[in-house]
Amino acid sequence: MKKLKMAVMAFAAISSIGSAFAFSPAAKKNSVTYYAKQNGVGHFRWTTVQPTSGCASTALNSICTITTSNVPQPDKVPAGHTADQTVYQ
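Residues numbered from 1 in each chain as written. Predicted model: local features only at pLDDT ≥ 70, side-chain atom pairs only at ≥ 80, totals over all residues. Heavy atoms only, no water.

Quick word on the side chain of Ser62
Positionally, Ser62 belongs in the loop between strand S3 (55-57) and strand S4 (65-68). The exposure class assigned to Ser62 is buried, which follows from its relative accessible area of 0%. Within the structure, Ser62 has its side chain in polar contact with the backbone oxygen of Thr86 (distance 3.5 Å). Residues in contact with Ser62, not counting those within four places in the same chain, are Ala36, Phe44, Val77, Ala83, Asp84, Gln85, Thr86 and Val87. (Helix = DSSP H or I, 4+ residues; strand = E, 2+ residues; numbered from the N terminus. Buried < 20%, exposed > 50% of the residue type's maximum accessible area, 1.4 Å probe, protein only. Polar contact = N/O pair within 3.5 Å; in protein donor to acceptor, adjacent residues only side chain to side chain. Contact = heavy atoms within 4.5 Å.)

Dropping the structure here:
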């Protein structure tokens, strides 16, 4: 009986390892990546096209890249994202 139990446990362990790599975490539905691009002095706008310029530190309360299902407003970091004072310049 003990050997049967061990065999079932081993099979369960092996089969769960195989299925662990079969599925990736589900992405947020309808999510889009937005990039903060400096737009004049003290302002930034969001764009879905990654700028060719680099992401750099700034005094703006922004973050270079976010992924969200809601369209972000200019000069604002959406709820659920933490600003790190960086923006594409």
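Now, onward.
Focus on the nonpolar core
One finds Tyr34, Ala36, Phe44, Trp46, Leu60, Ile63, Ile66 and Val87 forming the largest nonpolar core, which totals 8 residues. For Trp46, the residues in contact, after removing those within four places along its chain, are Tyr34, Tyr35, Ala36, Ile63, Cys64, Ile66, Pro72, Gln73, Pro74, Lys76, Val77 and Pro78. (Core = buried A, V, L, I, M, F, W, Y, C linked by side-chain atoms within 4.5 Å.)

Some thoughts on the packing of aromatic side chains
In this structure the tally under the stated criterion is 2 aromatic pairs. Summarising the aromatic geometry, the rings of Tyr35 and Tyr88 are spaced 5.9 Å apart at their centres and angled 75° between planes, so their arrangement reads as edge-to-face. In this pair, Tyr35 is assigned in strand S1 (residues 32-38) and Tyr88 in strand S5 (residues 86-88), connecting sequence segments 53 residues apart. The exposure classification of Tyr35 matches that of Tyr88, with both residues buried. (Phe/Tyr/Trp six-rings, centres within 6.5 Å; stacked < 30°, edge-to-face > 60°.)

Remarks on the environment of Gln85
In this structure, Gln85 sits in the loop between S4 and S5. Other than its neighbours up to four places away in sequence, Gln85 contacts Ala56, Ser57, Thr58, Leu60, Asn61 and Ser62. Here Asn61 takes part through its side chain, which lies 3.0 Å from a polar atom of the side chain of Gln85.

Considering the environment of Ile63
Its place among the elements puts Ile63 in the loop between S3 and S4. Spatially, the C-alpha atoms of Ile63 and Tyr34 are 10.0 Å apart, while their sequence positions differ by 29 residues. Contact partners of Ile63, with chain neighbours within four places excluded, come to Ala36, Trp46, Val77, Thr82, Ala83, Asp84 and Thr86.

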